[in-house]
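In case you want the letters, here they are:
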Amino acid sequence: VFLVSSGKAVVSTQSTGKKDSGIRDISDMTEAEQVEYLLRKTAEEAALDLRAGADLTITDPPEEAMRQEEEEDELPWCCVCNRDAEVRCAECDNDLYCKRCFKEGHDEFDLTDHTPAIFKRTARHKKYNLEL
């Protein structure tokens, strides 16, 4: 467990079983020593978790599932003014815009290399009371 106390970087040593206050001040160490110490403590904690049966496997969700989740969370409105979205900008993390906000925002910041794609509403947007 990593803490900041009174402007000092400290690390809890409770999980190591040492007989001390449970807090070690690492602010007097060099940055390299802090990194080494924190990596060692993290590895020790991971080893304890593994012995306890914790599953520490990191898996990336399938792209299709991520895309579907993003689409389900997507509201069909302009990200600037909340009017109905008309275009999507892939270069702006697929943000949705009405035509006016896209033009004004991209002209203002000279984003001439951004190409709008027509945003098509789908059946899942019915819950937002939009006409399809």
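Rules used throughout
Within each chain, residue numbers correspond to sequence positions counted from 1 in written order. Note on the predicted model: pLDDT of at least 70 is required for a residue's local features to be given, and 80 or more for side-chain atom pairs to be given and counted; whole-chain, interface and lining totals, by contrast, use all residues. Hydrogens are left out, water is left out, and the side-chain values use all remaining heavy atoms of the structure. Numbering of helices and strands runs from the N terminus; a helix is a DSSP stretch of H or I covering at least four residues, while a strand is a stretch of E covering at least two. Any two residues whose heavy atoms approach within 4.5 Å at even a single point are treated as in contact. Only the protein chains shown count as cover for residues, and all accessible areas are computed by the Shrake-Rupley method using a 1.4 Å probe. Each residue's exposure class comes from its accessible area (1.4 Å probe, protein chains only) as a fraction of the maximum for that residue type: buried when under 20%, exposed when over 50%, partly exposed otherwise. To be clear, the arc concerns the directions from the helix axis to the C-beta atoms. Helix span, expected: 1.5 Å multiplied by one less than the number of residues in the helix.

Digging into the overall build of the protein chain
In step 1: When its secondary structure is counted, the protein chain shows three helices and six strands.
In step 2: Along the protein chain, helices and strands appear, N-terminal first, in the series β-β-β-α-α-β-β-α-β.
In step 3: Pairs at least 24 apart in sequence give 28% of the contacts found in the protein chain among residues at least 6 apart.
In step 4: Carbon together with sulfur atoms contributes 51% to the accessible area of the protein chain, which is approximately 10,100 Å² in total.

Here we look at helix α3 (residues 99-108)
In step 1: Every buried residue of α3 is listed here: Cys101, Phe102 and His106. Buried positions in α3, seen along its axis, are confined to an arc of 110° and lie on one side of it. The outward face of α3, more than 90 degrees from its buried face, is lined by the exposed residues Lys103 and Glu108.
In step 2: The inward-facing, buried residues of α3 abut β4 (87-89), β5 (95-97) and β6 (116-118).
In step 3: Asp110 lies just past α3 and shows a positive phi near 50°.

Structural notes on helix α1 (residues 31-51)
In step 1: Helix length check: α1 (21 residues) gives 30 Å between terminal C-alpha atoms against 30 Å at 1.5 Å per residue, within 8%.
In step 2: Of the residues one or two after α1, Gly53 is the one with positive phi, at around 95°.

Purely geometric stuff here, so don't read any function into it on its own.
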